Structure formats: structure tokens, C-alpha cells
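Take a look at the letters that make up each chain.
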Amino acid sequence: KAGVTQTPRYLIKTRGQQVTLSCSPISGHRSVSWYQQTPGQGLQFLFEYFSETQRNKGNFPGRFSGRQFSNSRSEMNVSTLELGDSALYLCASTSGLAGLGTQYFGPGTRLLVL
Amino acid sequence: EDQVTQSPEALRLQEGESSSLNCSYTVSGLRGLFWYRQDPGKGPEFLFTLYSAGEEKEKERLKATLTKKESFLHITAPKPEDSATYLCAVRGSQGGSEKLVFGKGTKLTVNP
């Protein structure tokens, strides 16, 4: 089975721009979660989608948003980029019953904001 | 609020020198404690899930244990290829959510 895929793998943007990141979960997985990883804060939960509905959201400003499509693929968007948004953005997918699965992570998208 | 603290932040071992990594947690209604391994520039790789105090799981040179307040990842006779950052995470009782709260990790270096 193919793993979680994320595109693009690397991205350089400037302050004020917006960015869209994509995540394709493992086939059959319906839950997708997004995390931001920085050296100072570690992995922090952004949001979670299940069957096209946002099920949970972390403590991030409204500039961070996401969505999930009917094929379970997910996108996250960051508008009005700030220098502090530079991070590794990780997507994870889960199988099984809601809230009882194991999260399998993709390779991440490394975003650099200049 | 769910919290996870990992110690030490960094650990250097000689090949064959066994040791343990610690993960202390506070969570309301534990629905799983997870261990992941992360290599530089890659996403976390799943290792173990533990659900209740007293549970243990093993995989090759790794053994994870769980008590009501902490988990240990024991590494027996480590090899250089075990060098990585080991992450601990908990899933609390937020109804049906998969949300994980992570510790900041222990960076393990095993010298040949």
C-alpha cells in the first residue's frame, strides 16, 4: 500500500503571500490531520478532517484553514504568510473507527517564508 | 489541557549501551499513548501504541512500557541506525477526535 503523500515537498514564499499544501491519505483512510513542526514548539495540531467535515481544530489563527474532498484528499491553506509560519507541515491519515486509529504521517512539506 | 514532557532532550550512547527514554504525561481519559521515530527531513514513523497501564510492546531492540503517569522506551544494545529523534504523543478523550499532543522529543545518537 502506498503511504501518505504530500505535495509540494519544498516551498519558498515571501511574507504576505498565501500557500496551499496538499495531502493524499493512505487508500481507504478517511481521517486526515495536519500538524506544524518547528524546532521551538515541536509538533502542534492544526486541524482534523473526517468525511469532509472538520472534526477538531487547534489553537492557530484563522489564516490557517483546510478542507477535505470526497476522495479523502485534503488541502491546507495559509493566507498572509508571516516569517513565523516557516515550518515543516505534516499530514497524517488514520484508518479504523473514529478516534481509535493509528496516525501514519507523510514526509511533510517544508515551507520557508522570506 | 493534555501535556507531554520527554526527557532527556538529547542522549548519546555507544553502540551496545542500553538505556531508556522517558515520557511523562497528563491527560484526561487516555485513549492511547504513541511512540514515533523521526529521521531528519522525514515524517514521523509509527512504532507503538499503548492503551493501559501495565501494557508492554516490543519491536527488535525497542520495548515500550506504560504506567498511569509515564511511558518508557527501552533501547537494548542499540546500533548506529537507531539514531533518530523519538517522539511520544497522547490521545485524550476529545470525543472521537484523532488529535495527538506531542512531546518535544528525545534526540538519540548512537556512536559506533
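Each chain carries its own residue numbering, running from 1 in the written order of its sequence. Here chains are named by letter from A upward and ligands by number from 1 upward, in the order in which they appear as written. Under the rules for a predicted model, residues below a pLDDT of 70 receive no local features and side-chain atom pairs below 80 are neither given nor counted, while totals for whole chains, interfaces and linings still include all residues. Heavy atoms throughout the structure, all of them, feed into the side-chain values; hydrogens and water do not.

Caption draft 1: Broad picture of the state of the cysteines. Throughout, disulfides are identified as pairs of cysteine sulfur atoms within 2.5 Å of each other. Taken as a whole and assessed by the stated rule, the structure comprises two disulfides over all chains. There is a disulfide in this structure between Cys23(A) and Cys91(A), and the S-S distance comes to 1.7 Å. Because the sign of the S-S torsion sets the handedness, a value of about -50° for the bond joining Cys23(A) and Cys91(A) places this disulfide among the left-handed ones. Taken together, the residues Cys23(A) in strand β3 (residues 19-24) and Cys91(A) in strand β9 (residues 87-94) connect sequence positions 68 residues apart. What pairs with Cys23(B) in a disulfide is Cys88(B), and their sulfur atoms sit 1.9 Å apart. Here Cys23(B) and Cys88(B) share a disulfide; its torsion about the S-S bond, -65°, makes the bridge left-handed. Taken as a pair, Cys23(B) in strand β3 (residues 19-26) and Cys88(B) in strand β9 (residues 84-90) lie far apart in primary sequence, 65 residues in all. Its relative accessible area of 0% is what places Cys88(B) among the buried residues. Numbering of helices and strands runs from the N terminus; a helix is a DSSP stretch of H or I covering at least four residues, while a strand is a stretch of E covering at least two. Exposure categories follow from relative accessible area, calculated using a 1.4 Å probe and restricted to protein chains: below 20% of the type maximum is buried, above 50% is exposed, and the middle band is partly exposed.

Caption draft 2: Quick look at the sheet that holds strand β7 (residues 64-68) of chain A. Residues and elements named next belong to chain A. Paired strands are those between which DSSP finds at least two bridges. The strand order across the open sheet built from four strands is β1-β3-β8-β7, with neighbouring strands paired in antiparallel fashion. The open sheet has two edge strands with one neighbour each: β1 (5-7) and β7. Neighbouring strand axes in the sheet, compared pairwise and without regard to direction, differ in orientation by 20° on average. The pairing of β7 with strand β8 (residues 74-78) spans five bridges and is antiparallel. By the bridge assignment for β8, Arg 67 is matched with Glu 75. Angles shown run from 0 to 180 degrees and are taken between the N-to-C directions of axes, each axis being a line fitted to C-alpha atoms and, for helices, limited to the stretch in contact.

Caption draft 3: Main features of the nonpolar core. What makes a nonpolar core is a set of buried Ala, Val, Leu, Ile, Met, Phe, Trp, Tyr and Cys residues whose side-chain atoms join them at distances within 4.5 Å. Core analysis: the largest hydrophobic core is formed by 23 residues, its most contacted members being Leu33(B), Trp35(B), Leu73(B) and Tyr86(B). Broken down by element, this core gets its largest block of residues, four residues, from β9(B). Leaving out residues up to four positions away in the same chain, Tyr86(B) has contacts with Gln6(B), Leu21(B), Trp35(B), Tyr36(B), Arg37(B), Leu47(B), Leu62(B), Leu73(B), Gly105(B), Thr106(B) and Leu108(B). Listed in part, the 21 residues of the second largest apolar core include Leu11(A), Val19(A), Leu21(A) and Leu81(A). Throughout, a residue-residue contact means that at least one pair of heavy atoms, one from each residue, lies within 4.5 Å.

Caption draft 4: Quick peek at the pattern of salt bridges. Each reported salt bridge corresponds to a side-chain nitrogen of Lys or Arg within 4 Å of a carboxyl oxygen of Asp or Glu. All told, the structure shown has 10 salt bridges over all chains when counted by the stated rule. Between Asp85(A) and Arg63(A) there is a salt bridge, with its nearest N and O atoms 2.8 Å apart. In this pair, Asp85(A) is assigned in the loop between β8 and β9 and Arg63(A) in the loop between β6 (53-57) and β7, connecting sequence segments 22 residues apart. Of the charged contacts in the structure, one is a salt bridge between Lys63(B) and Glu56(B), with a shortest N-O distance of 3.3 Å. The partly exposed category is assigned to Lys63(B), whose relative accessible area is 27%. Given a relative accessible area of 49%, Glu56(B) falls into the partly exposed group. A single network of salt bridges, built from pairs that share partners, joins Arg63(A), Glu82(A) and Asp85(A).

Caption draft 5: Structural view of the sheet that holds strand β7 (residues 62-66) of chain B. Residues and elements named next belong to chain B. Spatially, the five strands line up as an open sheet ordered β1-β3-β8-β7-β6, and their pairing is antiparallel. What marks the edges here is a single partner per strand, and that holds for β1 (3-7) and β6 (56-59). Averaged over all neighbouring strand pairs, the angle between strand axes comes to 15°, with direction disregarded. Pairing analysis gives four bridges linking β6 to β7, with the strands arranged antiparallel.

Caption draft 6: How the structure looks around the interface of chain B and chain A. Opposite the 21 residues of chain B that make contact, chain A presents 26 residues. As used here, buried area is the combined drop in accessible area, with a 1.4 Å probe, of two parts when they are placed together. Summed over both sides, the interface between chain B and chain A buries roughly 1800 Å², with carbon and sulfur atoms accounting for 49% of that surface. At the junction of chain B and chain A, the tally comes to zero salt bridges. Polar contact criterion, stated in full: a pair of N or O atoms within 3.5 Å, where within protein one must be able to donate a hydrogen and the other to accept it, and residues adjacent in sequence count only if both atoms are side-chain atoms. Joining chain B to chain A, the criterion identifies seven residue pairs in polar contact (both at pLDDT 80 or more). Contributions of two or more residues to the side of chain B that touches chain A are made by β4 (33-38) and β5 (45-50) of chain B. Sorting elements by how many residues they give to the side of chain B that touches chain A places β4(B) first, with three residues. Its residues assigned to classes, the side of chain B that touches chain A comprises eight nonpolar, seven polar and six charged. All amino acids are sorted into three groups, where Ala, Val, Leu, Ile, Met, Phe, Trp, Tyr, Cys and Pro are nonpolar, Asp, Glu, Lys and Arg are charged, and the leftover types, Gly among them, are polar.

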